[in-house]
Amino acid sequence: MFIKNLYRYSKTAFIAFVLFIVLFIFINYKWGVVATPVYQYGMFSSVFHIKDTQTVYHIYVNDTKLDITQYHFAERDMLLISLENYAKSSKSNSAIFFTMKHLLHKTRAGSLMQQSNYSNTVSDTTFTIWYKKLLQQTIGYPVLKAAAFTQKYIWEGKSLKPVSSPQKLTFLVAD
């Protein structure tokens, strides 16, 4: 057994390992924070209900809706997840900083944190320029105008049905 061998090899390493495991369990129990890259049941434990709403992204290039199904899965991911992550980043930056600062304050390491390390300094214009280049590289023709919309859908039968009106992503300023 690994722990027995570690104890025989080095008592200091054994104590450090056991303390690490105890600290990991304590942090995850007390604050629900993933302290190390260890799988947690809570990451994948919720039930996915078929009636949950789904957010669908619609991308328009040069006033024509882009058929995202024509592209490889990795290309689709880049196009869609880039939009989703940029939209989420500005909302979550400060929340992440204050959550981690609270946690690290307990270990006396909170004073070492700087809020600038948790802030996205990319502007909407910079993101748009980058995103237009990504679109051009993916679709293979010049992008003069780009727009993106989100819309909520639910599963009804074997297809998605819209439950909201399309909402334009205002951070994409490629008109």
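Quick note: structure is the one above.
Reading the values: rules and limits
- For every chain, the first residue of its written sequence is number 1, and the numbers climb from 1 along that sequence.
- Per-residue local features of the predicted model are confined to residues with pLDDT of at least 70, and side-chain atom pairs are confined, for both listing and counting, to 80 or more; whole-chain, interface and lining totals are unaffected and use all residues.
- For side-chain calculations, the full set of non-hydrogen atoms in the structure is used, while hydrogens and water are omitted.
- Two rings from Phe, Tyr or Trp (for Trp, the six-membered ring) form a pair when their centres sit within 6.5 Å of each other. Planes less than 30 degrees apart are called stacked, planes more than 60 degrees apart edge-to-face, and all others tilted.
- By the criteria applied, helices consist of DSSP H or I runs no shorter than four residues and strands consist of E runs no shorter than two, each listed in order from the N terminus.
- Throughout this description, buried means an accessible area under 20% of the type-specific maximum (1.4 Å probe, protein chains only), exposed means over 50%, and partly exposed covers the range between.
- Definition used: whenever NZ (Lys) or CZ (Arg) falls within 6 Å of the ring centre and also within 35 degrees of the ring normal, the charge is taken to sit over that ring.
- Strand pairing requires that DSSP identify at least two bridges connecting the strands.
- Take the residue count of a helix, subtract one, and multiply by 1.5 Å to get its expected span.
- The arc under discussion is defined with respect to the helix axis, by the directions toward the C-beta atoms.

So, the packing of aromatic side chains
What characterises a pair of aromatic rings is the spacing of the ring centres plus the angle enclosed by the ring planes.
Then comes step 1: A full pass over the atoms with the stated rule returns seven aromatic pairs.
Then comes step 2: Between the aromatic rings of Tyr60 and Phe149, the centroid separation amounts to 5.6 Å while the plane-to-plane angle is 85°, which identifies the pairing as edge-to-face. Pair noted here: Tyr60 is in strand S1 (residues 54–61) and Phe149 is in strand S3 (residues 146–156), with a separation of 89 residues, a long-range link.
Then comes step 3: According to the relative accessible area criterion, Tyr60 is partly exposed, its value standing at 28%.
Then comes step 4: Classification of Phe149 by relative accessible area gives partly exposed; the value is 21%.
Then comes step 5: Consider the rings of Tyr86 and Phe127, whose centres lie 4.2 Å apart with planes at 10°: the pair is stacked. Of this pair, Tyr86 sits in helix H3 (residues 73–106) while Phe127 sits in helix H4 (residues 124–139), and the two are 41 residues apart along the sequence. The exposure classification of Tyr86 matches that of Phe127, with both residues buried.
Then comes step 6: Chaining the aromatic ring pairs together yields one cluster made of Tyr86, Phe127, Trp130 and Tyr131.
Then comes step 7: Stacked on the ring of Tyr7, the Lys or Arg Lys11 has its end atom at 4.5 Å from the ring centre.

Considerations on the pairing of strand S4 (residues 159–162)
Then comes step 1: Bridge analysis of S3 against S4 gives four bridges, and the strand direction is antiparallel. Residue Trp155 lies in a different strand from S4, and its bridge partner there is Leu160.
Then comes step 2: Taken together, S3 and the strand that follows it, S4, pair antiparallel across an intervening segment of two residues, in which Gly157 is found at a positive phi of about 70°.

So, H4
One turn of an α-helix holds 3.6 residues; hence residues three or four places apart share an orientation.
Then comes step 1: Here H4 is 16 residues long and its end C-alpha atoms lie 22 Å apart, about the 22 Å a rise of 1.5 Å per residue gives.
Then comes step 2: Residues of H4 that are buried include every one of Phe127, Thr128, Tyr131, Leu134, Leu135, Thr138 and Ile139, and no others. Buried residues of H4, viewed axially, fall in a sector of 125°; they line one side. H4 presents Lys133 and Gln137 as exposed residues on the side facing more than 90 degrees away from its buried surface.
Then comes step 3: Directly beyond the C-terminal end of H4, a positive phi value near 85° is found at Gly140.

In short, the description is geometric, and any link to function would need to be established separately.
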